[in-house]
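Breakdown of the fold
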Amino acid sequence: MPADRAGALIAFEAARAREWFDRGLDLAESLDARSASCLLAMTGIYRSILHRIASRPEEILRRRVSLPVWEKAWLAARSVAAVRA
């Protein structure tokens, strides 16, 4: 598959994934605090990765896109704080 077609497919799938994340977040308020924290933390981490992929879709053809540990920890801590607030 040519890179431009792959980029278009990746952009399409990223948009679909964002929609599913939005739907999933609607469930957070029906969960207990611990489960909601987990949901928000994981959604924050994966949305950040998805944002990186969507901004440079051709990058995933060359390497694995990930977040540094400090950023994952920050997103997780922010999620726990949001649930407690």
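Residues numbered from 1 in each chain as written. Predicted model: local features only at pLDDT ≥ 70, side-chain atom pairs only at ≥ 80, totals over all residues. Heavy atoms only, no water.

The subject of this paragraph is the overall build of the protein. A count of helices and strands for the protein gives three helices and zero strands. Helices and strands in the protein line up, N terminus first, as α-α-α. Structurally, the protein occupies a C-alpha span of about 45 × 25 × 15 Å along its principal axes. The buried share among the 85 residues of the protein stands at 26%. Counted over contacts in the protein with a minimum sequence separation of 6, partners at least 24 positions apart contribute 53%. Carbon and sulfur atoms provide 59% of the accessible area of the protein, an area that totals close to 6200 Å². (Helix = DSSP H or I, 4+ residues; strand = E, 2+ residues; numbered from the N terminus. Buried < 20%, exposed > 50% of the residue type's maximum accessible area, 1.4 Å probe, protein only. Contact = heavy atoms within 4.5 Å. Areas by Shrake-Rupley, 256 points an atom, 1.4 Å probe, with all protein chains shown as cover.)

Mapped onto the secondary structure, Ala11 falls in helix H1 (residues 3-25). Here the alpha-carbon distance between Ala11 and Ile53, two residues 42 residues apart in the chain, equals 8.2 Å.

Checked against the element boundaries, Ser37 lands in helix H2 (residues 33-55). Setting aside its immediate chain neighbours within four residues, Ser37 contacts Ser79, Val80 and Val83.

Topologically, Cys38 is positioned in helix H2. In this structure Cys38 comes out as partly exposed when scored by relative accessible area, which is 48%. Sequence-wise, Cys38 and Val65 are 27 residues apart; in three dimensions their C-alpha atoms are separated by 22 Å.

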